[in-house]
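One-letter residues, chain by chain:
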Amino acid sequence: MTVWFALIEKLRLTFRVTLMAFLALRSYRLRSAFVIAAIALGIASLTIIIASIDGAERKADEIIEMFGPDAAFVLGGDISSRAVGWRGLTLTYNDVQRIRAELPGAYLSVPMRSKSNITLRYGEQSVEVPVLVGSTEGYADAWNWPLAEGRDFSAEDVDGGAKVVLLANGPKEALFGERSALGATVYVNDLPARVIGELRYRGMASMGGSIDDRLIMPITTLTQRFNMDRKYVRALRVKFSDPENMPFHRENLRSLLRNMHRLEEGENDDFTVLTADEILKFITMFKGGLVAFLGVTAAVAILVGGFVLANLFYLSVTERRVEIGLKKALGAKNQAILLQFLVEAVVLTLIGALFGMLLGMGMGQLLARLGILEILFSWKIFFLSLTASGAIGVIFGLKPAREAAALVPVEALKGV
Amino acid sequence: MSSALIDLKGITKSYRQGDLPIDVLKGIDLQIAAGEFVALLGPSGSGKSTLMHILGLLDRPTTGAYFLDGVDVAGLDDDHLSALRNRKIGFVFQTFYLIPYLTALENVILPGLYGQERSATIRRRAKEILQQVGLGDRMDFRSSQLSGGQQQRVAIARALLNDPAVLLADEPTGQLDSATSKEIMELISQINRQGRTVILVTHDVATAACAQRRIELNDGLVCTD
């Protein structure tokens, strides 16, 4: 009974002190506004940082999704020894055929060569396209990149070096707009070619521009018509039927390539195999750095808010000595005084957190609109912000509040 | 135990200033019975402020015993002293000490907040007392909107809220003009006539004239009673 009674009494005192704290905050408006603003700035940066980390994560998921969990991408040359001697052209057309014929579980193997900075012309109009890709049948499938219209290359197109192209969305929009490009004859650096398919809009940024700014033609046509050697390919893409066994497939692919390239035991690979796992590892590493860097930034911003709070509360305690002394004379226990200053601090930091989240979301939206930042807002931000600001209120408010509670009433009533 | 409301026995108080101990109170023996109106007089430096602080449980004596309403307060900790002040003692100060961000009514309610009564009861009684001191129409005013006399009336109402055994008034008219002072002293006398013990601390003999009993302090000792 007495325990309950004591608890109810505590709750009632807390409630009454909270009301009084609100009245005090209302009357010390300017000071309250300063604390709110300081905390809001910290929380705004926290909001943007969490949103951008979550945004980066979503982006990473998209990259993985687009890359495909069932695919491997092989680049000529060993990325890890790139600095020593970059040998780009080590993969051959022959490798592609051998993988197709011999690698267990692989159902698709597509080579790629590319030529940069092509002028694409249709009628009177022309457009600069950064990348012309040479590939084979199965290109769209290999990249999980559906066709909006038309068809992919056929084996005959590739064998015969047919003058046909697939347009990605960028050049298609530039030359044809809403109209269909199917069947039209376009000029690829003066080579006339028929459009047989349009790839759907993908909307991903890749190195040096949008992935949609490209066109694709049979690899045979590319090498023949643009005087490129016919033996090597830049990269190749392999798809497997059972993604659960990717580590196993990856090792198989690697030993097949080592075997074909006649690499001795102990020699480094002269190629690099990338799978979704590797990309994920890389992204995780990158994200770790991002989180650490931005985390420190947010922590500093919030700490600054905390120091502003502590300073203004010290000032407040000094200024309100008489109030504190009077309340003690009227029977306020030390705890009641401590509680009032703590409540004032926490109320201010929580209000600051709400403003900060609004500010952060506004700025985050702006940065996202401008394409500077990928962001994602979640409830996590809400809870983290409230927790962080509440903690700041308690931690930085505690010292001044303790000082207030410890004032001797006779001394406090004398004023300053 | 003692039958007096306030019973001081051999109260001393000394401070250290550097290496020099300063004896402010040098052995005060004093009994005040319930319902008395006592004036505590003395020039500044006589120790009357210190004695008032000790009587009001705002300060502790160095040696000696203090029984308030039969309770030995020497052994009580801060929280118990707070609770005892809250219930037993009403303070009226020279400079009123109203909290500027609260209305008159809220200021009167203040000591109730630290006690154990229900909010509705406290509020009702605060209103009644404000009516009694003649401020029924000023309840929602802040101290900045009230005259000095009105502010002191609010402070007196605040002191009475918890129905204390003793009203301790420290120079209650020190900041007021003579006409207002008379009104305030009349109010305090009236409160005493209703049966409440009043201790008035003042250096002004005219003000002290209202009291039935005058205790003069000089150099830390009671010189006339």
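Residues numbered from 1 in each chain as written. Chains lettered and ligands numbered in written order. Predicted model: local features only at pLDDT ≥ 70, side-chain atom pairs only at ≥ 80, totals over all residues.

## What to know about the overall build of chain B
For chain B, the count of helices and strands is seven helices and ten strands. Relative to a compact globule of 225 residues, whose C-alpha radius of gyration would be 17 Å, chain B shows 17 Å and is just as compact. Summarising its shape, the C-alpha atoms of chain B cover approximately 50 × 40 × 40 Å along the three principal directions. Classification of the 225 residues of chain B by burial places 47% in the buried group. (Helix = DSSP H or I, 4+ residues; strand = E, 2+ residues; numbered from the N terminus. Rg over C-alpha atoms; globule rule 2.2 N^0.38 Å. Buried ≥ 20, exposed ≤ 12 C-beta atoms within 10 Å, placed from the backbone.)

## Looking at the overall build of chain A
Across its full length, chain A holds 13 helices and 14 strands. The principal-axis extent of the C-alpha atoms belonging to chain A is close to 100 × 60 × 45 Å. Looking at chain A as a whole, 38% of its 416 residues are labelled buried. When contacts within chain A are restricted to residue pairs at least 6 apart in sequence, long-range pairs at least 24 apart make up 83% of them. (Contact = placed C-beta atoms within 7 Å.)

## A few points about the domain arrangement of chain A
Parsing chain A into structural domains produces domain 1 (14-63 + 282-413) and domain 2 (91-260). Inter-centroid distance (C-alpha atoms) of domain 1 of chain A to domain 2 of chain A is 54 Å. (Domains from an automatic or database assignment.)

## Here's the deal with the sheet that holds strand β1 (residues 6-17) of chain B
All names here are of chain B. Taking strand neighbours across the sheet as the criterion, the four strands line up as β2-β1-β4-β5 in an open arrangement whose pairing is antiparallel. Every other strand in the sheet has two partners, leaving β2 (20-32) and β5 (71-72) as the edge strands with one partner each. The sheet contact formed by β1 and strand β4 (residues 63-68) spans five bridges and is antiparallel. In the strand pairing of β4, Thr12 is matched with Thr63. (Pairing = 2+ DSSP bridges.)

## A few points about the sheet that holds strand β10 (residues 221-224) of chain B
Residues and elements named next belong to chain B. Judged by pairing direction, the sheet is mixed, and its six strands sit side by side in the order β6-β7-β8-β3-β9-β10 without closing on themselves. The open sheet has two edge strands, β6 (89-92) and β10, and neither has a second partner. With strand direction ignored, the average angle separating the axes of adjacent strands in the sheet is 25 degrees. In terms of strand pairing, strand β3 (residues 37-41) meets strand β9 (residues 213-218) through four bridges, oriented parallel. The residue of β9 that forms the bridge with Leu40 is Ile215. Relative to strand β8 (residues 197-202), helix α6 (residues 178-193) is tilted by about 150 degrees, and along the sheet it contacts β3, β7 (166-170) and β8. (Axes fitted to C-alpha atoms, helices over the stretch in contact; angles between N-to-C directions.)

## Some remarks on the interface of chain B and chain A
A common way to state how big an interface is: give the accessible area lost once the parts meet. Listed per partner, the contact involves 21 residues of chain B and 18 residues of chain A. Of all the secondary structure elements, the ones that give two or more residues to the side of chain B that touches chain A are α2 (78-88) and α3 (104-113) of chain B.

## Some remarks on the pairing of β7(B)
All names here are of chain B. In terms of burial, β7 is largely enclosed, as five of its five residues are buried. Going residue by residue along β7, you find Val166, Leu168 and Asp170 tucked away on one face and Leu167 and Ala169 tucked away on the opposite face as well. Handedness of the crossover is the feature at issue here: the chain leaves β7, passes through α6, returns alongside β8, and the resulting connection is right-handed. (Right-handed = clockwise from strand over helix to strand, strands pointing away.)

## Details of α2(B)
Here α2(B) has its buried residues at B:Leu81, B:Ser82, B:Arg85, B:Asn86 and B:Lys88. Tucked inside the fold, the buried residues of α2(B) contact α10 (321-329) of chain A together with β4, β6, α3 and β7 of chain B.

## Some points on the nonpolar core
Most often, soluble globular proteins keep nonpolar side chains buried together rather than apart. In terms of nonpolar packing, the biggest core is built from 118 residues, with A:Ile39, B:Leu40, B:Val108, B:Ile199 and B:Leu200 touching the most fellow members. If near-sequence neighbours (up to four positions away) are discounted, B:Leu40 is found in contact with B:Lys48, B:Leu51, B:Met52, B:Ile199, B:Leu200, B:Val201, B:Ile215 and B:Leu217. (Core = buried A, V, L, I, M, F, W, Y, C linked by C-beta atoms within 7 Å.)

## Structural notes on the environment of B:Ile199
All names here are of chain B. The residue Ile199 is located in strand β8 in this model. Sequence separation between Ile199 and Thr180 is 19 residues; the distance between their C-alpha atoms is 20 Å. Those residues within four positions of Ile199 in sequence are excluded, and the remaining contacts are Ile32, Val38, Leu40, Leu55, Val166 and Leu168.

## Some thoughts on the confidence of the model for chain B
All names here are of chain B. In this model, chain B carries an average pLDDT of 91, and 99% of its residues clear a pLDDT of 70 or more. At the level of individual helices and strands, chain B shows its lowest average pLDDT in β10, which scores 83, and its highest in helix α5 (residues 148-160), which scores 96. Interface predicted TM-score (ipTM) for the complex: 0.93; the corresponding pTM is 0.76. (pLDDT = per-residue confidence, 0-100.)

## Quick word on the environment of A:Pro218
Residues and elements named next belong to chain A. Counting through the fold element by element, Pro218 comes out in strand β11 (residues 214-218). Judged by the 29 C-beta atoms lying within 10 Å of it, Pro218 is buried. The spacing of Pro218 and Val394 is 176 residues in sequence and 67 Å in space, taken between C-alpha atoms. Those residues in contact with Pro218 that sit more than four places away from it in its chain are Gly134, Thr136, Phe153, Asp157, Val158, Gly161, Ala162 and Val164.

## A few points about the packing of α5(B) against α6(B)
All names here are of chain B. At a minimum axis separation of 10 Å, α5 and α6 run at an interaxial angle of 15 degrees. Classified by the angle their axes make, α5 and α6 are roughly parallel. Pair α5 / α6 crosses with right-handed handedness. Residues Gly148, Gly149, Gln152, Arg153 and Ile156 of α5 form the contact with α6, whose own contacting residues are Thr180, Glu183, Ile184 and Leu187. Classifying every residue of the contact of α5 with α6 by side-chain character gives three nonpolar, four polar and two charged. (Parallel < 35°, antiparallel > 145°, perpendicular 65-115°, else oblique. Left-handed = near helix turned anticlockwise from the far one by under 90°. Nonpolar A, V, L, I, M, F, W, Y, C, P; charged D, E, K, R; others polar.)

## A closer look at the pairing of β6(B)
Residues and elements named next belong to chain B. Because side chains alternate across β6, one face comprises the buried residues Ile89 and Phe91, and the other comprises Gly90 and Val92, equally buried. Of the pairings in the sheet, the one linking β6 to β7 comprises four bridges and is parallel in character. What sits directly across from Gly90, in β7, is Leu167.

## Looking at the packing of helix α11 (residues 334-369) of chain A against helix α12 (residues 379-406) of chain A
Residue and element names in this part refer to chain A. At a minimum axis separation of 7 Å, α11 and α12 run at an interaxial angle of 150 degrees. Regarding the angle of α11 to α12, the classification is roughly antiparallel. When the axes of α11 and α12 are compared, the crossing they make is right-handed. Among the residues forming the contact of α11 with α12, the class breakdown is 21 nonpolar, nine polar and one charged.

## Focus on unusual backbone geometry
Both trends apply: most residues other than glycine have a negative phi, and most peptide bonds are in trans. The residue A:Asn117 is not glycine, and still its phi comes out positive at about 55 degrees. Residue placement: A:Asn117 occurs in strand β3 (residues 106-122). For A:Asn117, a count of 10 C-beta atoms within 10 Å corresponds to the exposed category. Although it is not a glycine, B:Asp163 sits at a positive phi angle of roughly 55 degrees. With respect to the helices and strands, the residue B:Asp163 is situated in the loop between α5 and β7.

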